[in-house]
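Secondary and tertiary structure notes
Below are the chains, spelled out letter by letter.
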Amino acid sequence: MQTKRMTFPGRWLPYALLAPQVIVTLIFFIWPSAQALYMSLLREDAFGLNTTFVGFVNFTRLFADGTYLNSLSVTAVFALGTTLLSMSAALLLAANVNRMLRSRNLYTTLLVWPYAVAPAIAGVLWWFIFNPSIGIVPYVLEMLGYRWNHRTSGVDAMALVIIAAAWKQIAYNFLFFLAGLQSIPQSLIEAAAIDGAGPHKRFWAIVFPLLSPTTFFLMVVNVVYAMFDTFGVIHATTQGGPAQTTNTLVYKVYADGFVGLNLGSSAAQSVILMAIVVALTVVQFRFIERRINY
Amino acid sequence: MVEHRPLGQLAAHLILIAGVALVLFPVYVAIVASTQAPGEFLRGTLPLVPGGHALENYRTMWESGLSQAGAPPVGQMLFNSLVMALAITLGKLVISLLSAFAIVYFRFPFRTFFFWLIFVTLMLPVEVRIIPTFQVVADLGMLNSFAGLSIPLIASATATFLFRQFFMTIPEELLEAARVDGAGPLRFFRDILLPLSITNIAALFVILFIYGWNQYLWPLLITTDSDYYTVVMGIQRMTTAADGDPQWHLVMAAVVMAALPPVLVILFMQRLFVKGLTETEK
């Protein structure tokens with residue numbers, strides 16, 4: 001690890017400076033994470049009176065459990081849907097804003113603010129709009145011949161949580177796409193224009209490939225967002241239902257641990273989630289470091 | 001623009017206006033709903049133009065809240081959210097400035113070890129290790145307190161890494177000059193490093209404030225005493241009641257009040273916000 005060539009002497013001072021962060025990290029991060037690892041190997045009864053060491057039983061049970069496998073596929077659908085929807089909408093908006101000169105800042109301001117809305121609030125807003133008895137969208141859908149009800153239809157419930165989660169994330173993707181677009185050298189685009197390439201051709205042949213590092217970075221960030229930061233969206237709207245159709249992995253950790261009081265299983269699920277995040281982070285660092293360019 | 005294409009330009013504007021309308025739509029609906037009288041919702045569809053009950057709805061929520069749903073006044077919850085967001089923001093800024101300073105400007109045994117110890121926290125959000133973290137906080141007697149609401153969320157390293165990156169770009173000559181003038185490390189930190197970092201601190205402040213304000217699961221778990229409810233989690237309690245009997249006008253007034261502070265922060269500090277966002281993530 002690099003340092004400055006010249007540093008301060010000091011025997012105790014650096015430790016004193018590090019102490020606050022290290023203490024907070026040890027107590028509220030390292031200790032609970034170790035605890036989660038340990039608990040995942042235990043089986044505890046609902047009252048916490050009896051604990052037995054069971055090794056990897058919690059893990060093997062999970063993968064034999066239909067609701068867990070269901071939750072895995074629910075998470076995959078949810079993460080994929082949210083990522084695709086928010087990234088494609090953001091790219092469309094960013095590409096068009098990038099063509100503007102005078103109105104660029106106005107559009108940007110109008111598009112970035114949803115970033116500040118909490119996922120739970122985004123959930124409540126869309127839940128209200130899609131409310132089967134008074135909502136506006138079900139009213140319109142009814143005229144088109146579709147009976148919307150996210151309380152009974154799993155497909156409707158999934159669409160609701162994807163829309164709410166993606167809506168909030170568009171602002172973030174938009175900013176990164178816009179920054180990516182602005183860093184593409186204008187000379188390349190001009191050269192293509194002189195060769196007779198129209199705007200669409202230029203976008204797909206030149207701009208989009210040059211955006212690939214941004215796109216890849218956003219893909220990883222969005223999958224992480226959809227998997228971990230959307231607890232609020234789900235808790236405030238469908239609560240995992242109807243019939244487990246929106247029960248994502250993070251929501252299940254909470255539901256099994258705090259509501260179902262099955263601590264061993266919940267801890268095992270936490271450990272699996274940790275492994276997923278670590279893997280995603282490693283992938284992200286690897287590829288961002290190498291800067292994929294076609 | 002490479003070439004002049006009025007039609008293409010017009011199409012781009014139309015796409016953007018449609019996009020902005022879609023992005024704004026939920027908020028428009030919420031604002032309209034928050035200005036209605038309770039009876040409007042019994043008719044089955046929501047009106048699309050604002051009603052005349054805005055003042056009374058907002059005042060009701062600010063002063064008394066939805067008491068039958070067990071939710072305290074929104075004014076009080078907003079105050080709790082503000083305290084929590086500021087404590088998280090200031091806490092993170094202070095500990096990460098200090099530790100980044102130590103890591104960049106000193107050479108000491110186990111430096112790399114501490115670096116990695118802090119680094120691993122980048123990876124795991126609190127949602128993942130939620131139960132053991134809850135137990136630690138309960139064991140320390142920090143349930144239902146501002147310390148319990150904020151301190152566990154301070155343990156993350158994003159800010160440390162941003163400051164580390166930034167300190168690495170500060171020219172060596174500044175340190176040499178300070179040392180020639182006889183400045184000690186703390187003096188250098190206060191008189192040179194802090195003033196140079198002001199823009200970064202401000203940019204990060206915006207991001208961290210929004211992060212703290214929008215916390216949901218954590219306050220939901222560790223506050224059982226309604227005196228400590230934050231506004232984002234408090235709304236969930238209201239919605240469970242509102243779905244039964246139509247109190248939507250009041251819930252939406254609370255939603256607007258809960259979303260407004262962070263949105264205003266972004267709108268007024270947009271330049272700093274974008275800087276903070278792109279630098280923390282890349």
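As recorded by an unreviewed UniProt entry, chain B carries the name sn-glycerol-3-phosphate transport system permease protein UgpE and is attributed to Halomonas piscis.

In the nomenclature of an unreviewed UniProt entry, chain A corresponds to sn-glycerol-3-phosphate transport system permease protein UgpA from the organism Halomonas piscis. Here chain A is described in UniProt, under the heading Sequence similarities (unreviewed entry), as follows: "Belongs to the binding-protein-dependent transport system permease family. UgpAE subfamily." Of chain A, the UniProt comment under Subunit (unreviewed entry) reads exactly: "The complex is composed of two ATP-binding proteins (UgpC), two transmembrane proteins (UgpA and UgpE) and a solute-binding protein (UgpB)."

Topic: the overall build of chain B
Along chain B, the regular secondary structure elements total 14 helices and 0 strands. Ordered by position from the N terminus, the helices and strands of chain B form the series α-α-α-α-α-α-α-α-α-α-α-α-α-α. The C-alpha atoms of chain B give 24 Å as radius of gyration, which overshoots the globular expectation for 282 residues (19 Å, by more than 25%). Taken over the C-alpha atoms alone, chain B extends approximately 75 × 65 × 30 Å along its principal axes. When the accessible surface of chain B is split by element, carbon and sulfur atoms take 67% of a total near 11,700 Å².

Structural notes on the packing of aromatic side chains
Evaluation of the coordinates by the stated rule reveals 40 aromatic pairs over all chains. Summarising the aromatic geometry, the rings of Tyr115(A) and Tyr172(A) are spaced 6.2 Å apart at their centres and angled 20 degrees between planes, so their arrangement reads as stacked. With Tyr115(A) in the loop between helix H4 (104-112) and helix H5 (119-129) and Tyr172(A) in helix H7 (residues 154-182), this residue pair connects regions lying 57 residues apart in the sequence. Each of the two residues, Tyr115(A) as well as Tyr172(A), counts as buried. Ring centres of Phe101(B) and Phe189(B) lie 4.8 Å apart, and the angle between their planes is 35 degrees; this geometry places the pair in the tilted category. Note that Phe101(B) is positioned in helix H3 (residues 74-105) and Phe189(B) in helix H9 (residues 185-196), a separation of 88 residues in sequence. Like Phe189(B), Phe101(B) is buried.

Some points on helix H10 (residues 212-228) of chain A
Residues spaced three or four apart along an α-helix face the same direction, because each turn holds 3.6 residues. Taking 1.5 Å per residue as the helical rise, H10(A) with its 17 residues ought to reach 24 Å, and the 24 Å between its terminal C-alpha atoms agrees with that figure. Among the 17 residues of H10(A), 14 are classified as buried, and the element is accordingly described as predominantly covered.

A closer look at unusual backbone geometry
Not every positive phi belongs to a glycine, and Gln239(A) is a case in point at roughly 50 degrees. Along the chain, the position of Gln239(A) falls in the loop between helix H11 (231-236) and helix H12 (249-259). Overall, the relative accessible area of 40% leaves Gln239(A) in the partly exposed class. A positive phi angle, near 70 degrees, is found at Phe110(B), a position not held by glycine. By secondary structure assignment, the location of Phe110(B) is in the loop between H3 and helix H4 (111-119).

Quick notes on the UniProt feature "transmembrane region" (unreviewed entry) in chain A
Residues and elements named next belong to chain A. What UniProt calls "transmembrane region" (unreviewed entry) maps, in this numbering, to residues 12-31, 72-94, 106-129, 157-181, 202-228 and 267-288. Split by type, residues 157-181 is 100% helix and 0% strand. Its first and last C-alpha atoms lie 35 Å apart. Span residues 202-228 is 96% helix and 0% strand, its end C-alpha atoms 36 Å apart.

Observations concerning the environment of Glu127(B)
Residue and element names in this part refer to chain B. On the secondary structure map, Glu 127 appears in the loop between H4 and helix H5 (130-139). A relative accessible area of 13% places Glu 127 in the buried class. Distance from Glu 127 to Trp 218, taken between C-alpha atoms, is 8.1 Å for residues 91 residues apart in sequence.

Quick look at the interface of chain B and chain A
Interface size is commonly expressed as the accessible area that is lost once the parts come together. At the junction of the two partners, chain B supplies 114 residues and chain A supplies 96 residues. Taking both sides of the interface into account, the surface hidden between chain B and chain A amounts to around 10,000 Å²; carbon and sulfur atoms contribute 77%. Taken together, the links from chain B to chain A amount to 0 salt bridges. Put simply, chain B and chain A have 12 residue pairs in polar contact (both at pLDDT 80 or more) between them. Top contributing element to the side of chain B that touches chain A by residue count: helix H1 (residues 6-33) of chain B, with 18 residues. Among the residues making up the side of chain B that touches chain A, the classes are represented as 80 nonpolar, 21 polar and 13 charged.

Calculation criteria
- Residues numbered from 1 in each chain as written.
- Chains lettered and ligands numbered in written order.
- Predicted model: local features only at pLDDT ≥ 70, side-chain atom pairs only at ≥ 80, totals over all residues.
- Heavy atoms only, no water.
- UniProt positions renumbered as here; feature names shortened; annotations may be inferred.
- Helix = DSSP H or I, 4+ residues; strand = E, 2+ residues; numbered from the N terminus.
- Rg over C-alpha atoms; globule rule 2.2 N^0.38 Å.
- Areas by Shrake-Rupley, 256 points an atom, 1.4 Å probe, with all protein chains shown as cover.
- Phe/Tyr/Trp six-rings, centres within 6.5 Å; stacked < 30°, edge-to-face > 60°.
- Buried < 20%, exposed > 50% of the residue type's maximum accessible area, 1.4 Å probe, protein only.
- Expected span 1.5 Å × (residues − 1).
- Contact = heavy atoms within 4.5 Å.
- Buried area = accessible area lost by both parts, 1.4 Å probe.
- Salt bridge = Lys/Arg side-chain N within 4 Å of Asp/Glu carboxyl O.
- Polar contact = N/O pair within 3.5 Å; in protein donor to acceptor, adjacent residues only side chain to side chain.
- Nonpolar A, V, L, I, M, F, W, Y, C, P; charged D, E, K, R; others polar.

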